[in-house]
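What follows is the residue order along each chain.
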Amino acid sequence: MSTDAGATGATTRVSVIGASGRMGSEVCRAVEAADGLELVGRFDVDDDLGDLAGADVVVEFSVPDASATNVAHCVDRGVHVVVGTTGWSDEKLTDLRTRLEDHPEVGVLIAPNFAIGAVLMMAFAAKAAEFYESAEVIELHHPDKVDAPSGTAARTADLIGAAREQAGLGPVPDATTHDPDGARGGRTHGIPVHSVRLRGLVAHQEVLFGQTGEMLTIRHDSFDRVSFMPGVVAAVRKVSEHPGLTVGLEHYLGI
Ligand code: NAD
């Protein structure tokens, strides 16, 4: 299997699942433009994945209901996978880890956000979390997004919750006026998360930290889906060096 184009000069063969979608079609363009990568297969709903067109690495951007099955198909064939689809429950992650035990050479990366700035935003938020009494997340996306809260918001809340726990802080205290009708809001990992769906948006997030007399806002905006492509291409190049399951692009980037 030739997956280390950088070291050997070989070409990495890449197939895309969800290739007709907004992200999948952008990934196809990015792979075609990248040195050392060759786009060998485009798959979408109703296509037989078969041998994945002989790919070394598959990039998977489909729908939450289908992603785990698609990834299992790749793993069972010894093919590395870079996954952008959100909606991975703890149960699905556990099943995938179990499956990977039978394929110890295979690498799978699941990343809720491939934009480098979003990865930095999550890291900065985790750093800030232990210093503030209050923390809330506002995620804003285009109205065709199928899930809420976003995978990035869930991951951010997870990181903030873990940092607060390590610092001996409990859940964020209740605010009496917070989201009174409960619409598009709730708590994820003990952190209030608000979801906005608005025509014209792509993918945006604010993380708000507050305490008496001050407030810190960390914000990231993806204005165009090309913002995700450097992260996707970097992940395709590195996934074979990281056998097993990795969650979060930060682990590949040393952030
Ligand atoms: P989309 O609806 O535009 O595309 C999804 C594609 O998957 C469609 O072409 C659809 O036909 C196809 N599909 C449906 N069922 C399938 C199946 N069983 N097998 C193969 N393909 C199937 O959605 P999108 O905006 O491209 O987003 C796709 C996913 O990526 C979503 O979960 C979204 O939240 C996520 N996303 C992740 C990032 C990131 O950086 N990780 C960024 C943006 C979006």
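Residues numbered from 1 in each chain as written. Predicted model: local features only at pLDDT ≥ 70, side-chain atom pairs only at ≥ 80, totals over all residues. Heavy atoms only, no water.

The protein chain is annotated in an unreviewed UniProt entry as 4-hydroxy-tetrahydrodipicolinate reductase from Knoellia subterranea KCTC 19937. Regarding the protein chain, the UniProt comment filed under Function (unreviewed entry) reads as follows: "Catalyzes the conversion of 4-hydroxy-tetrahydrodipicolinate (HTPA) to tetrahydrodipicolinate." (UniProt positions renumbered as here; feature names shortened; annotations may be inferred.)

**Regarding the packing of helix H2 (residues 22-33) against helix H7 (residues 229-238)**
Remark: H2 packs on H7, axes separated minimally by 10 Å, with the N-to-C direction vectors making an angle of 65°. As for the relative orientation of H2 and H7, their crossing is right-handed in sense. Across the interface between the two elements, Met23, Glu26, Val27 and Ala30 of H2 pack against Met229, Val232 and Val233 of H7. Here the contact of H2 with H7 is built from residues that sort into six nonpolar, no polar and one charged. (Axes fitted to C-alpha atoms, helices over the stretch in contact; angles between N-to-C directions. Helix = DSSP H or I, 4+ residues; strand = E, 2+ residues; numbered from the N terminus. Left-handed = near helix turned anticlockwise from the far one by under 90°. Contact = heavy atoms within 4.5 Å. Nonpolar A, V, L, I, M, F, W, Y, C, P; charged D, E, K, R; others polar.)

**Concerning the site of the ligand**
Close to the ligand lie 23 residues, the nearest being Arg22, Met23, Asp44, Ala111 and Phe114. Here a nitrogen atom of the ligand sits 3.1 Å away from a polar atom, N or O, in the main chain of Gly84. When the free accessible area of the ligand is taken as 860 Å², the share hidden by the protein chains comes to 81%. For the shell around the ligand, the secondary-structure elements that each account for two or more residues are H2 and helix H3 (64-76). Classifying every residue of the shell around the ligand gives ten nonpolar, nine polar and four charged. (Near = heavy atom within 4 Å. Polar contact = N/O pair within 3.5 Å; in protein donor to acceptor, adjacent residues only side chain to side chain. Areas by Shrake-Rupley, 256 points an atom, 1.4 Å probe, with all protein chains shown as cover.)

**A short note on unusual backbone geometry**
Excluding glycine, most residues fall at negative phi; most peptide bonds, likewise, are trans. For the bond running from Ala148 to Pro149, omega is -5°, close enough to zero to count as cis. Its place among the elements puts Pro149 in the loop between strand S6 (134-141) and helix H6 (151-166). For Leu52, which is not glycine, the phi torsion reads 60° and is therefore positive. You can see Leu52 is positioned in the loop between strand S2 (37-43) and strand S3 (57-60). A relative accessible area of 0% places Leu52 in the buried class. The phi angle at Ala53 is positive, at roughly 60°, despite the residue not being glycine. Here Ala53 is to be found in the loop between S2 and S3. Owing to a relative accessible area of 32%, Ala53 belongs among the partly exposed residues under this scheme. (Buried < 20%, exposed > 50% of the residue type's maximum accessible area, 1.4 Å probe, protein only.)

**Quick look at a nonpolar patch on the surface**
On the surface, Ile116, Leu120, Phe124 and Ile255 cluster together into a nonpolar patch covering about 320 Å² of accessible area. Structurally, the position occupied by Ile255 is in the segment after helix H8 (250-253). On the basis of relative accessible area, Ile255 is assigned to the partly exposed category, the value being 40%. (Patch = residues over 30% accessible without salt bridge, like charges linked within 9 Å, V, L, I, M, F, W, Y side chains within 5 Å. Salt bridge = Lys/Arg side-chain N within 4 Å of Asp/Glu carboxyl O.)

**Concerning the domain arrangement of the protein chain**
In terms of domain boundaries, the protein chain breaks down into domain 1 (12-110 + 226-253) and domain 2 (116-223). Distance between the C-alpha centres of domain 1 and domain 2: 27 Å. Between domain 1 and domain 2, roughly 860 Å² of surface is buried when both sides are summed, and carbon and sulfur atoms account for 62% of that area. The three residues of domain 1 that bury the most area against domain 2 are Arg22, Thr86 and Glu250, which together make up 43% of that side's buried surface. Counting every contact that joins domain 1 to domain 2 gives two salt bridges. Note that Glu250 is salt-bridged to Arg155, the shortest N-O span being 2.7 Å. Top contributing element to the side of domain 1 that touches domain 2 by residue count: H8, with three residues. Tallied by class, the residues present in the side of domain 1 that touches domain 2 amount to five nonpolar, five polar and two charged. (Domains from an automatic or database assignment. Buried area = accessible area lost by both parts, 1.4 Å probe.)

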